[in-house]
Amino acid sequence: MSLADRLRRWFGPSSGTVGASDATTTERPTHGAYDRLARWYDWSGAIAFSDTCVELTLRALRDARLEPRSCLDIACGTGSFLMAMERRGAFAVGVDRSHAMLVEARDKAREQHARLALVCADMREFQLGRRFELVTCFYDALNHLPDTIGVAAAIETAARHAEGGGLYVFDTNNERMFQRVWSGPRATIDVVSGDVEIDYHYDPVRRTGSAQVTFRRRGEPPVTGWVHERCHAARELERALESAGFVLESRGPHPYFADPSESLKDLWIARKR
Ligand SMILES: C[S@@+](CC[C@H](N)C(=O)[O-])C[C@H]1O[C@@H](n2cnc3c(N)ncnc32)[C@H](O)[C@@H]1O
């Protein structure tokens with residue numbers, strides 16, 4: 001039985017609603033925000049974050065003595081990470097639920113003569129029919145899933161695509177991020193020729209947050225989208241990794257946000273058994 005069928009059997013047929021182990025959550029369409037914001041996503045500073053992920057992943061690969069010939073980037077967005085892997089000789093495949101983000105990735109790859117395979121799918125349930133030596137999932141994409149069952153499904157799906165001995169590298173926003181940043185107030189980040197304004201709301205009981213993101217680029221009308229995230233407990237992720245057949249090698253501070261001792265983001269490195 002496919003994962004989609006199992007989820008439907010457990011939680012009913014409504015495709016827009018996914019049940020949680022601790023609560024039932026109505027899923028809100030975060031990917032709609034990315035469809036709206038896709039054209040401005042790289043402009044907003046995301047490439048610098050991606051460059052850090054490339055560096056951290058290359059270090060993890062060196063430590064593991066791996067030179068992957070294939071890379072699957074899940075929730076690949078506009079493809080910056082994938083392009084860096086492709087330039088290093090990897091067969092590079094990206095999956096994302098937002099068609100508009102993938103269009104940006106495709107156009108960027110064409111301009112830079114990079115060969116990427118891009119698939120529009122939900123990270124909780126896709127089947128590409130092959131395995132990869134490196135599987136990644138960056139920029140708190142797993143936090144976009146509204147419940148534990150979704151995270152477990154996404155990790156199980158990543159595991160089905162990982163070669164034995166291969167690495168699974170991802171980051172998550174941690175409790176400090178939600179308590180310090182997502183609890184508000186509003187943040188304004190200056191970027192070249194404009195700014196990004198983010199209005200945060202965090203519910204510590206439900207462990208869910210919403211961010212209203214407005215991109216204001218000089219000379220263009222502002223564009224707004226809502227991003228919804230959940231603060232997944234580290235032990236939920238550890239359990240999901242273990243039951244999907246990954247061995248956790250390390251969980252450490254992701255240095256991109258704040259000083260590492262007070263990091264707001266965790267970097268996870270796991271190896272497929
Ligand atoms: C913050 S962006 C990160 C993009 C890219 N990984 C990066 O580092 O720039 C989050 C991405 O997750 C994607 N996403 C969110 N929920 C998803 C899901 N259920 N399945 C696949 N992609 C999803 C969004 O469309 C968006 O491109």
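It should be noted that the structure appears before, not after, this text.
Keep in mind the model is a prediction, meaning the values are calculated, not measured. The residue numbers shown here count from 1 along each chain, following its written sequence. Confidence filtering applies because this is a predicted model: local features only for residues at pLDDT of at least 70, side-chain atom pairs given and counted only at 80 or more, and all residues used for totals across whole chains, interfaces and linings.

Chemist: Which parts of the structure should I look at to understand the site of the ligand?
Modeler: If you check the shell around the ligand, you find 20 residues, and the closest are Ala-75, Gly-77, Arg-97, Ser-98 and Tyr-139. Counting residues per element, the shell around the ligand draws most heavily on helix α2 (residues 30-63), which supplies five residues. Whether a residue is near a molecule or strand depends on its C-beta atom, generated from backbone atoms, being within 6 Å of that molecule or strand. Note on conventions: DSSP H or I runs of at least 4 residues are helices, E runs of at least 2 residues are strands, and numbering of each starts at the N terminus.

Chemist: Mind showing me how you'd approach the environment of Val-213 here?
Modeler: Locating Val-213 in the fold gives a position in strand β10 (residues 208-217). For Val-213 and Val-223, which are 10 residues apart along the polypeptide, the C-alpha to C-alpha distance reads 8.2 Å. Once residues lying within four places of it in the same chain are set aside, the contact partners of Val-213 are Ala-33, Leu-37, Val-196, Ile-198, Thr-224, Gly-225 and Val-227. Throughout, a residue-residue contact means that the two C-beta atoms, derived from backbone geometry, are no farther apart than 7 Å.

Chemist: How should I be thinking about the sheet that holds strand β8 (residues 187-191) in this particular structure?
Modeler: Strand pairing within a sheet occurs via backbone hydrogen bonds; the two strands may be parallel or antiparallel. For two strands to count as paired, DSSP must find a minimum of two bridges between them. Strand order in this open sheet of four strands is β8-β9-β10-β11, and the pairing throughout is antiparallel. Edge positions in the open sheet fall to β8 and β11 (223-230), since each of these has one partner strand only. Shown here is a sheet whose adjacent strand axes are inclined to one another by a mean of 20 degrees, direction ignored. Inspection of the sheet shows β8 paired to strand β9 (residues 194-203) by five bridges, in the antiparallel sense. Each residue of the ladder has a partner; that of Ile-189, found in β9, is Val-196. Note on method: axes are straight lines fitted to C-alpha atoms, helices fitted across the in-contact stretch only, with angles between N-to-C directions ranging 0 to 180 degrees.

Chemist: Sorry, what's going on with the nonpolar core here?
Modeler: A general trend in soluble globular proteins is that nonpolar side chains are found buried together. Joined through C-beta atoms within 7 Å, a set of buried Ala, Val, Leu, Ile, Met, Phe, Trp, Tyr and Cys residues constitutes a nonpolar core. Here exposure depends only on C-beta density: within 10 Å of a residue's C-beta, 20 or more other C-beta atoms make it buried, 12 or fewer make it exposed, and intermediate numbers make it partly exposed, the C-beta atoms being placed from the backbone. In this structure, Ile-74, Ile-155, Ala-158 and Tyr-168 are the most contacted members of the largest nonpolar core, which totals 69 residues. Ranked by residue count, the leading element in this core is helix α5 (residues 148-160), at eight residues. In contact with Ile-155, not counting residues within four places along its chain, are Ala-240, Leu-241 and Ala-244.

Chemist: Help me out: how do you make sense of the packing of α5 against helix α7 (residues 234-244) in this one?
Modeler: A pair of packed helices can be characterised by two numbers: the angle between their axes and the separation between those axes. Close contact between α5 and α7 brings their axes to 9 Å; oriented N to C, the two are set at 35 degrees. When the axes of α5 and α7 are compared, the crossing they make is right-handed. Taking contact as the criterion, the partners of Thr-148, Val-151, Ala-152, Ile-155, Glu-156 and Ala-159 in α5 are, on α7, Glu-236, Leu-237, Ala-240, Leu-241 and Ala-244. Polarity classes work like this: nonpolar for Ala, Val, Leu, Ile, Met, Phe, Trp, Tyr, Cys and Pro, charged for Asp, Glu, Lys and Arg, and polar for all others, with Gly in that last group. Residues of the contact of α5 with α7, tallied by class, amount to eight nonpolar, one polar and two charged. The hand of a helix crossing depends on one turn: near helix anticlockwise from the far one by less than a right angle means left-handed, and clockwise means right-handed.

Chemist: Just to check I follow, could you spell out the environment of Arg-206 for this structure?
Modeler: As for its placement among the helices and strands, Arg-206 is situated in the loop between β9 and β10. According to the C-beta neighbour criterion, Arg-206 is partly exposed, with 14 such atoms within 10 Å. On a C-alpha basis, the gap between Arg-206 and Arg-230 in space is 8.3 Å, while along the polypeptide they are 24 residues apart.

Chemist: Can you walk me through unusual backbone geometry in this structure?
Modeler: Between Gly-184 and the following residue, Pro-185, the backbone shows a cis peptide bond with an omega angle of 0 degrees. Mapped onto the elements of the fold, Pro-185 is located in the loop between α6 (175-181) and β8. The residue Ala-75 is not glycine, and still its phi comes out positive at about 60 degrees. On the secondary structure map, Ala-75 appears in the loop between β3 (70-74) and α3 (80-87). Its identity as a non-glycine residue notwithstanding, Asp-140 has a phi of 45 degrees, on the positive side. Relative to the assigned elements, Asp-140 resides in the loop between β6 (132-137) and α5. The class of Asp-140 is buried, set by 22 C-beta atoms lying within 10 Å.

Chemist: Would you take a moment to explain the sheet that holds strand β4 (residues 91-96) for this structure?
Modeler: Strands sit in the order β5-β4-β3-β6-β7-β13-β12 across an open sheet of seven strands; the sheet is mixed. The open sheet terminates on both sides in strands that have one partner only, identified here as β5 (116-120) and β12 (246-253). Strand after strand, the sheet turns through a mean of 15 degrees between neighbouring axes, direction not considered. Two elements, β6 and strand β7 (residues 162-173), share five bridges in a ladder whose sense is parallel. Bridging across to β7, Leu-134 finds its partner in Leu-167. Its contacts with the sheet place α5 against β3, β6, β7, β12 and β13 (265-272), and it is angled at close to 150 degrees to β7.

Chemist: Can you help me understand α3 in this one?
Modeler: Summarising burial for α3: seven of the eight residues are buried, a large majority. Among all positions in α3, only Ser-80, Phe-81, Leu-82, Met-83, Ala-84, Met-85 and Glu-86 are buried. Where α3 ends, the next residue or the one after it, Gly-89, has phi of about 100 degrees, a positive value.

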